[in-house]
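# Fold and contact review
Chain by chain, the residues:
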Amino acid sequence: MPVLFFQIFTLVSDSALLIFVIYYFFKFRNKEHEINIREKKIDTDYHQVVDTALARERKIIDDATDEAGQIIKNTQYVTNESEQAVEQILQQIANDIKQKASGEAQNFTQNYQDSLKQLSDQSLSDFTAVVANLKSDLQKQVSEFHASLLPALEKEIEEYKKERLAETDKTINNIIQKVSMEVFNKSISTTDHQKLIIESLDKAKKQGIFE
Amino acid sequence: MDKLDLSNFFTTKYEAQDFAERISQIIERMYDAKFNVEQVFADTLSIQKKDKFIELLRNNSIPLSDTSKLKQFMNDILEKISKIPVLTLTIAFNPTQETLESLSSWCTLNIGKQLVFDINVDPNLIGGAVILYGGKYYDFSAKPQFEKVLEEILNNKTTVAPAASQNTPQNSQPEGVAVVANT
């Protein structure tokens, strides 16, 4: 009997368990189905949002590109205009500077010529004065030279002349003497030289040199 | 006249010194054991002087074989050379050997003794000689007279001494100007 009971109890419990498992199985299956539906819905919404965003983005980019192109076009136009304006201004400035420089140069040249002329006139005047003074001094010195130095100088020159003449005479005499001696010496033969020496010895003997 | 006459061997002071040196060499070689007088004379003296020297030995009775006498005679020669008086002559030309021998002969004949000459040459003397002997100086050259004449001419003196003007270089008789010098 207990076994039957036990068996019945076991059977009931197993059945309960099986029912419980089946119940949860279906429950989970429903939940999964709901989740899949939600997921699909979310995915649909997501794609819709993304597509919308992309469409807006494209529109923004296109608008920005158009705007930038417009700006660039405007900028180039402004730049060309500015360059032309600057060139015109520079050209005008250059012309002004050139005109002013030419005027200044003419003024400077004129001033310089005037100054130079003035200076040369002044120098000429000074030089004339200096020459006049120099001439006067020279005349004075020449007069003094004639009065005092010239006679002394003439005297010195005369003395020097005499001295030099005397030296020249002496030199000439020496040359004549040497040349004459040499000529006479060469003109005497060896025999005559020998005779003259013997005669000298005779004279020496007569004067008692060998005694 | 001196028996030892060496006038054939030298006339000048330089020759006398050279001869004395050769005699000294002969004396030195006499101490050699193999001394051969003929050979030594031939080596030391010239052929001419060797013959004259042998003749001198013969005249003085010195036998060639007697070395001791020969040595004594050589020493006598050296002594004689050292005592020969020197006559310093300044003359106007370079004397030949003949002139020197002639002068030496004059000395031997007129003075009776040999002299050696110390010759100096001065062409400015023109002719004659300047003699220096025994401390005495005599100028017998033509130079003083020539200078006197030349000075007169250069000073435009019209009156030139006849004796001076007639003296040509060939027959001039130079007057001796004696100056005694203490040397």
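Residues numbered from 1 in each chain as written. Chains lettered and ligands numbered in written order. Predicted model: local features only at pLDDT ≥ 70, side-chain atom pairs only at ≥ 80, totals over all residues. Heavy atoms only, no water.

Broken down by element type, chain B carries seven helices and five strands. Along chain B, from the amino end to the carboxyl end, the secondary structure elements read α-α-α-α-β-α-β-β-β-α-α-β. Of the contacts made within chain B by residues no fewer than 6 positions apart, 67% connect residues no fewer than 24 positions apart. Summed over all atoms, the accessible surface of chain B reaches about 10,100 Å², with 48% contributed by carbon and sulfur. (Helix = DSSP H or I, 4+ residues; strand = E, 2+ residues; numbered from the N terminus. Contact = heavy atoms within 4.5 Å. Areas by Shrake-Rupley, 256 points an atom, 1.4 Å probe, with all protein chains shown as cover.)

Note: predicted coordinates in regions of low pLDDT should not be interpreted at a detailed level. Residue and element names in this part refer to chain B. In this model, chain B carries an average pLDDT of 82, and 83% of its residues clear a pLDDT of 70 or more. Predicted confidence for residues 158-183 stays below pLDDT 50, and this span has 49 contacts to residues more than four positions away or in other chains. Of the two predicted TM-score estimates for the complex, the pTM is 0.49 and the ipTM is 0.74. (pLDDT = per-residue confidence, 0-100.)

Axis angle and axis distance: for two packed helices, these are the angle between their axes and the distance between the axes, and together they describe the pair. Running from amino to carboxyl end, helix H1 (residues 2-187) of chain A crosses helix H6 (residues 143-154) of chain B at an angle of 135°, the nearest separation of the two axes being 11 Å. Between H1(A) and H6(B), the angle falls in the class oblique. Seen along the crossing, H1(A) lies across H6(B) with a hand that is right-handed. Facing A:Asn173, A:Ile176, A:Gln177, A:Ser180, A:Met181 and A:Phe184 of H1(A), the residues of H6(B) in contact are B:Lys143, B:Phe146, B:Glu147, B:Leu150 and B:Leu154. Among the residues forming the contact of H1(A) with H6(B), the class breakdown is six nonpolar, three polar and two charged. (Axes fitted to C-alpha atoms, helices over the stretch in contact; angles between N-to-C directions. Parallel < 35°, antiparallel > 145°, perpendicular 65-115°, else oblique. Left-handed = near helix turned anticlockwise from the far one by under 90°. Nonpolar A, V, L, I, M, F, W, Y, C, P; charged D, E, K, R; others polar.)

Let us now look at the layout of surface pockets. All names here are of chain B. By volume, the second largest pocket amounts to about 230 Å³. Taken together, 14 residues line the second largest pocket, and the ones lying closest to its centre are Ser-7, Asn-8, Lys-52, Gln-97 and Glu-101. Elements with a contribution of two residues or more to the lining of the second largest pocket: helix H3 (47-59) and helix H5 (97-110). Looking at the lining of the second largest pocket, the element that brings in the most residues is H5, giving five residues. (1 Å grid on protein atoms, 1.4 Å probe; cavity = no way out; pocket = protein on both sides within 12 Å on 5 of 7 lines; lining within 4 Å. Points joined across faces, edges and corners; volume = space filled by probe spheres on them.)

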